[in-house]
Amino acid sequence: MSTPVASGARGGQVPRRRIPAKWIAVALAVALLAAIGFSTQYRSAESVAAAGPRRFDPAAYGARTYEDKVVPAIERKAVELPVLVKAMNADAEAAGKQYGVRHGNGPYTFAVEGVGTAGTVRSGLMHVTVPGLPPDTRVSLQVGPIINGTALRDAVGFITFGQFLDQVEYADAATALNDQMREKLLKNLDVPRLEGKKISFVGAFSFLTPSVVTITPVSIKEIA
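Being a predicted model, the structure only gives us computed values, none of them experimental.

Criteria and cut-off values
Residues numbered from 1 in each chain as written. Predicted model: local features only at pLDDT ≥ 70, side-chain atom pairs only at ≥ 80, totals over all residues. Heavy atoms only, no water. Phe/Tyr/Trp six-rings, centres within 6.5 Å; stacked < 30°, edge-to-face > 60°. Lys NZ or Arg CZ within 6 Å of the ring centre and 35° of its normal. Helix = DSSP H or I, 4+ residues; strand = E, 2+ residues; numbered from the N terminus. Expected span 1.5 Å × (residues − 1). Bend = angle between axes of the 7 residues up to and from the residue. Buried < 20%, exposed > 50% of the residue type's maximum accessible area, 1.4 Å probe, protein only. Contact = heavy atoms within 4.5 Å. Polar contact = N/O pair within 3.5 Å; in protein donor to acceptor, adjacent residues only side chain to side chain. Salt bridge = Lys/Arg side-chain N within 4 Å of Asp/Glu carboxyl O.

*Asks:* Quick question: what am I supposed to make of the packing of aromatic side chains here?
*Replies:* Aromatic ring pairs are described here by two measures, namely the spacing of the ring centres and the angle between the planes. Under the counting rule described, the total for this entry stands at 7 aromatic pairs. The interplanar angle of 35° and the centroid separation of 6.4 Å between the aromatic rings of Y108 and F110 together place this pair among those described as tilted. The ring of Y108 has R102 lying over it, and the distance from NZ or CZ to the ring centre is 4.8 Å. The positively charged end of R153 is found above the aromatic ring belonging to Y170, 3.6 Å away from the centroid.

Right, here's the structure in full:
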């Protein structure tokens, strides 16, 4: 004789027990607290206070850094362009170590000064004929309106990536310095009038090849 099997109300299935709603709510709350705990990094009160509410202001950074720090540093470090080009043609790496600044694996950046004859302006570049350079060396000064590159930031040596929150701020700092140069130097400079005139210049450039020198200036003066 077979043993009788207990059956439910329909189809012989045992009905499932329903979990009370309050238990579900408690479980969800515990899971939420656990997720918050895993996703939140611990920061001490001291680190929070030190960080504070922070937002990088490129314009303010450029205004307080360009004239007071960047320009004096470039003027102080500037090497005569013919001397530098000769050294680069002889041994670019040695010239970089002696005269330049290098950040990470980037190119060497140099502060330079020189005297030459201003030429025509094309695509924002004023070509300058500088005595004492090899015939194939092309020297240009960035005269805007668009100023490219990070030479002003990089040539001084004291502005480093570690001073900024991320790559965006680091790039914005370079742009802010270029903007200050355009405002302080180029805004009131009659560039077309300088064509054919003898000028002196101070500035910075990032090394690509000794035959192409594109300088971001901090000073351009006509020599009477």
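*Asks:* Help me understand helix α3 (residues 58–77), please; the structure alone is not making it clear to me.
*Replies:* Taking 1.5 Å of rise per residue, the 20 residues of α3 would be expected to cover 28 Å, yet its terminal C-alpha atoms sit only 25 Å apart, more than 12% below that figure. In the structure, α3 departs most strongly from a straight axis at Y66, where the bend amounts to approximately 60°. Within the sequence span of α3, burial applies to Y61, G62, T65, Y66, V70, V71, A73 and I74. Buried-residue contacts for α3 involve β2 (109–122), α6 (151–155), α7 (167–186), β5 (198–206) and β6 (212–222). Its side-chain oxygen at 3.2 Å from the backbone nitrogen of A59, D57 defines the N-terminal cap of α3.

*Asks:* How should I be thinking about the pattern of salt bridges in this particular structure?
*Replies:* It is possible for side chains of opposite charge to pair when their charged atoms get near one another. Counted by the stated rule, this structure contains 7 salt bridges. Residues E93 and R102 are paired through a salt bridge, measuring 3.7 Å at the closest nitrogen-oxygen approach. In this structure E93 comes out as partly exposed when scored by relative accessible area, which is 36%. Residue R102 is classed as partly exposed on the basis of its relative accessible area of 40%. Across the salt bridge formed by R153 and D154, the nearest N and O atoms sit 2.7 Å from each other. Each member of the pair, R153 as well as D154, is classed as buried. Via salt bridges that share partners, R193, K197 and E222 belong to a single interconnected network.

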